[in-house]
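Architecture at a glance
Residue strings, one per chain:
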Amino acid sequence: MGSSVRPKQATKDHNMKKEQEISTLDGSVDRHGHPAIRTRTGTWVAGVLLLVNQGLATLAFFGVGVNLVVFLTRVIGQDNAEAANNVSKWTGTVYIFSLLGAFLSDSYWGRYKTCAIFQSIFVIGLVSLSITTYTFLVKPSGCGDEDTPCGSHSGYQMGLFYFSIYLIALGNGGYQPNIATFGADQFDEEDPEEGHSKIAFFSYFYLALNLGSLFSNTVLGYFEDKGMWALGFWASAVSATLALILFLCGTPRYRHFTPKGNPLSRFCQVFVAAIRKWNVVMIPNEHHLFEADETKNIGDRDRKIIHTEGFRFLDRAAVVTSEDYTDKVKDDNTPPNPWHLCAVTQVEEVKCILRLLPIWLCTILYSVVFTQMASLFVEQGAAMKTNISTFHIPPASMSSFDILSVAAFIFIYRRVLDPLVARLRKDPKGLTELQRMGIGLVIAIMSMISAGLVELFRLKYAKKDCVNCENSSSLTIFWQIPQYVLVGASEVFMYVGQLEFFNSQAPDGLKSFGSALCMTSISLGNYVSSLLVTIVMKISTGDDLPGWIPGNLNKGHLDRFYFLLAALTTADLLVYIVCAKWYKYIKFEGKGNGDQDVFIV
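Residues numbered from 1 in each chain as written. Predicted model: local features only at pLDDT ≥ 70, side-chain atom pairs only at ≥ 80, totals over all residues. Heavy atoms only, no water.

So, about unusual backbone geometry. Going from Lys139 to Pro140, the amide bond is cis rather than trans, its omega being 0°. As for its placement among the helices and strands, Pro140 is situated in the loop between helix H5 (111–137) and helix H6 (155–185). Positive phi values are uncommon outside glycine, yet Thr43 reaches one of about 60°. Inspection of the secondary structure puts Thr43 in helix H2 (residues 43–65). Residue class for Thr43 comes out buried when judged on its relative accessible area of 18%. (Helix = DSSP H or I, 4+ residues; strand = E, 2+ residues; numbered from the N terminus. Buried < 20%, exposed > 50% of the residue type's maximum accessible area, 1.4 Å probe, protein only.)

Structure (structure tokens):
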């Protein structure tokens, strides 16, 4: 009897082991390049490490960025206009470097290697800035606070300073678009449970980003405002170092996707092949569209994109003609020349990006609203009553209400609103990413209306002729809370939805590029905001009128600018609705699913 039990037990153990060895279905691999085993890699073990990494890295970045304009005026000795211009250039450079990081990641290095390299550059930049500040810039000792300006600096010292902050820009810019995508890579979207976790990851990622910036805006901002610049920068350097160490600790657990090569050449191949076949007669069905045979490369587990209508001209690149099959192709079974014939998936990659661009353009104006928190909201707050008894409330610290709003609305959306909508619509997915982005635009309009109404009442209780217009209105700064809360709520719908949307809709070989699109929309939002302010001031100034946004806000009409932004965002919302209705979601074939009727070679 004992002999009959042993084989059964052995079979059971074998089956359990086999279950544990099940690999992921999305084509991810482990660090050795083997198919990723579901139980040994990825999931929330790796995801939580990356969330903490993001929080610490954000703390480090904003520990420098949030007070850089103050550092340039108090320590470096620049005037307000020059300092603001330098900060704008620096911020814009961060987002330009995000495109570089996304390109290297998608094309050659992969997300893990790209994150590790750029985080290391980030740490080196912060350490260099800390040493430079302590050794050369904050001289005499104790300078750099509100009362004591620092002395002059040599060209060598200024060179070290700019070298350090642009190393920080390079490191953070190259890292940011990849870490969100790399975190999402840890969840297999082909598995229902992990697919749900992948969607949740983006919400928690944005929450980690905001919690990191909250500490920077409050604690580090306080120390730096008191002139303890070296201490603040060293704290940022330590935080970034801890983030890098945590990231490297998760190395055995991470899932990876193999880089797909230079996407520019793949895009050019589609357009060139389509132009070559300008005169080819298109057949209504897809019988003669070419798709590569995935059995030729066993290790190639990329998902194939199902053919879609639209941009029919590009389909010509995948039309099979007799010229595409030379004797060499037929005899040696080698793939056709990609500059003459492209696979359906390759053509659909181009279509995906072309469809994403109108949606992306509609998000830029939202970023114009978002950037007001760091500029006009602060100036508006400075002209309000900022004292409670003897305690002074820094106007910039009101952004803490935005961060708290983000945290609250992420919880409300994930735990209350999303399950409720799913139950009402009888659809487990709840609101789509496009619907959430639309809701974000609606809330952004409400935030601008709220800011405009507050400004109307502020002007009603303001001193018109003031020399120093800080605290020039008896209206308390706490009336700004609704506009900050509304912007925070809109971020949860717009930016989290945008992260999910671009990650899910970008082709497998361009996931980091999708995340970089989110960052570049914020960058362009800054530039559009500056351009809009310039245009408004040029038009509204004249005939002895100070304009809508003069140095003395009590003589201007900032409320009109807010209402103008609300009107422009409303127009943007209408365009967005049209683009969202036109948009077609990307669809992938299942593994081993031959339901697409294409020509396989």
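Turning to the state of the cysteines, a few remarks are in order. All chains considered together, the criterion is met by one disulfide. Left without a disulfide partner, Cys362 is nearest to the cysteine sulfur of Cys579, which lies 4.2 Å away. Relative accessible area serves as the criterion here: at 4%, Cys362 is assigned to the buried category. (Disulfide = S-S within 2.5 Å.)

To continue, consider the side chain of Asn178. The residue Asn178 is located in helix H6 in this model. At a separation of 2.7 Å, a polar atom in the side chain of Asn178 contacts the main-chain carbonyl oxygen of Gly174. Sequence-distant contacts of Asn178, that is, excluding residues within four places in its chain, are made with Gly101, Ala102, Ser105, Arg111, Thr114, Cys115 and Ser512. (Polar contact = N/O pair within 3.5 Å; in protein donor to acceptor, adjacent residues only side chain to side chain. Contact = heavy atoms within 4.5 Å.)

Let us now look at H6. With 31 residues, H6 ought to run about 45 Å at 1.5 Å a step, and its terminal C-alpha atoms sit 45 Å apart, in line with that. At Gln176, H6 shows its largest bend, some 30°, and a proline, Pro177, comes one to four positions later. Burial analysis of H6 places 24 of its 31 residues in the buried class, the great majority of the element. (Expected span 1.5 Å × (residues − 1). Bend = angle between axes of the 7 residues up to and from the residue.)

All chains considered together, the criterion is met by 34 aromatic pairs. Seen from their ring centres, Tyr112 and Tyr254 are 5.9 Å apart, and the 50° between their planes marks the pair as tilted. A residue pair is termed long-range when its members are at least 10 positions apart, and Tyr112 in helix H5 and Tyr254 in the loop between helix H8 (229–249) and helix H9 (263–276) qualify at 142 residues. Judged by centre distance (5.2 Å) and plane angle (90°), the ring pair of Phe370 and Tyr495 falls under edge-to-face. Here Tyr495 lies in helix H16 (residues 481–505) and Phe370 lies in helix H12 (residues 344–371), a separation of 125 residues in the sequence. (Phe/Tyr/Trp six-rings, centres within 6.5 Å; stacked < 30°, edge-to-face > 60°.)

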